[in-house]
Amino acid sequence: MTERDAARALAHPEGAEIRLEGVLHALCDPVRLSIVRDLAATDTELACSSFELPVTKSTTTHHFRVLRESGVVRQYYRGTTKLNGLRRAELAQLFPGLLDSVLAAAAAEEARLGG
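Please read all numbers here as calculations on a predicted model, not as lab measurements. Position numbers for residues count from 1 along each chain, tracking the sequence in the order it is written. For a predicted model such as this one, the threshold for reporting local features is a pLDDT of at least 70, and the threshold for listing and counting side-chain atom pairs is 80 or more; totals across whole chains, interfaces and linings nevertheless cover every residue. Hydrogens and water are ignored here; the side-chain numbers use all heavy atoms of the structure.

A. Here's a closer look at the overall build of the protein chain. Per the secondary structure count, the protein chain includes six helices and three strands. Strands are runs of DSSP state E lasting at least 2 residues, helices are runs of H or I lasting at least 4, and numbering of each runs from the N terminus. What you see in the protein chain, going N to C, is helices and strands ordered as α-α-α-β-α-β-β-α-α. Across the 115 residues that make up the protein chain, the buried fraction comes to 33%. A sequence separation of at least 24 residues applies to 66% of the contacts in the protein chain between residues at least 6 apart. Carbon and sulfur atoms form 53% of the exposed surface of the protein chain, whose accessible area is close to 7,100 Å². When charges are counted, neither His nor the chain ends are considered; positive counts come from Lys and Arg and negative counts from Asp and Glu. Note on charges: their place is set at NZ of Lys, CZ of Arg, CG of Asp or CD of Glu. Put simply, the protein chain has 14 plus and 15 minus side-chain charges, and the middle of one group is 4 Å from the middle of the other. Relative accessible area decides the class of each residue, using a 1.4 Å probe on protein chains only: under 20% of the type maximum gives buried, over 50% gives exposed, and in between gives partly exposed. Any two residues having at least one pair of non-hydrogen atoms within 4.5 Å are treated as being in contact. Computed by Shrake-Rupley with a 1.4 Å probe, the accessible areas treat only the displayed protein chains as cover when residues are assessed.

Set out below in structure tokens:
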């Protein structure tokens, strides 16, 4: 890893450091839940700019940081692009069924509210 790469490395919690309350906090915000739903709908990493969010760029950065620091997503740089991937397997191992239940509940709520 070059010095430049090390300076751009993003801190992520190890699996043992991920806490249920942190994950639930990250998922309770509608903007962050929208990000997670978009990531869950694909098997590939998505750039931050791929998301259409109703907030400013600085607020978007905050939401991604909350998701990363809680252990919900993994972020890394590819060139100048920051890519995001859902830590689905790790979350499923730590909290079986939680992510799938939250995603199913969000989809049901969207259908119920017509939004």
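B. Layout of the pattern of salt bridges. Any Lys or Arg side-chain nitrogen found within 4 Å of a carboxyl oxygen on Asp or Glu counts as a salt bridge. This model, assessed by the stated rule, comprises six salt bridges. Between R87 and E90 there is a salt bridge, with the nearest N and O atoms lying 2.7 Å from each other. The closest approach of N and O atoms between E109 and R112, which form a salt bridge, is 3.8 Å. With a gap of three residues between them, E109 and R112 both fall in helix 6 (residues 98–113), about one helical turn apart. By relative accessible area, E109 is classed as partly exposed at 41%. One network of salt bridges, in which partners are shared, links R74, R87 and E90.

C. Expanded view of the sheet that holds strand 1 (residues 46–47). Strands pair, by our definition, only if DSSP identifies at least two bridges between them. On the basis of which strands lie adjacent, the open sheet formed by three strands has the order 1-3-2 and antiparallel pairing. The sheet terminates laterally at strand 1 and strand 2 (73–78), the two strands that pair on one side only. In terms of strand pairing, strand 1 meets strand 3 (residues 81–86) through two bridges, oriented antiparallel. Along strand 3, the bridge assignment pairs A47 with L83.

D. Expanded view of the nonpolar core. The set of buried Ala, Val, Leu, Ile, Met, Phe, Trp, Tyr and Cys residues whose side-chain atoms join them within 4.5 Å is what this entry labels a nonpolar core. Counting residues in each nonpolar core, the largest one holds 23 residues, and the members touching the most others are V23, I35, V36, L67, V72, L86 and L91. Top element by residues in this core is helix 3 (residues 30–40). It accounts for five residues. Beyond its immediate sequence surroundings of up to four residues, L91 is in contact with I18, V23, G71, V72, P96 and L99.

E. Region of the structure containing the pairing of strand 2. Judged from the six bridges that link them, strand 2 and strand 3 form a sheet pairing that is antiparallel. Opposite Q75, over in strand 3, you have N84 as the bridge partner. Between strand 2 and strand 3, which pair antiparallel and follow one another directly, the connecting turn spans two residues, one of which, G79, has a positive phi of 65 degrees.

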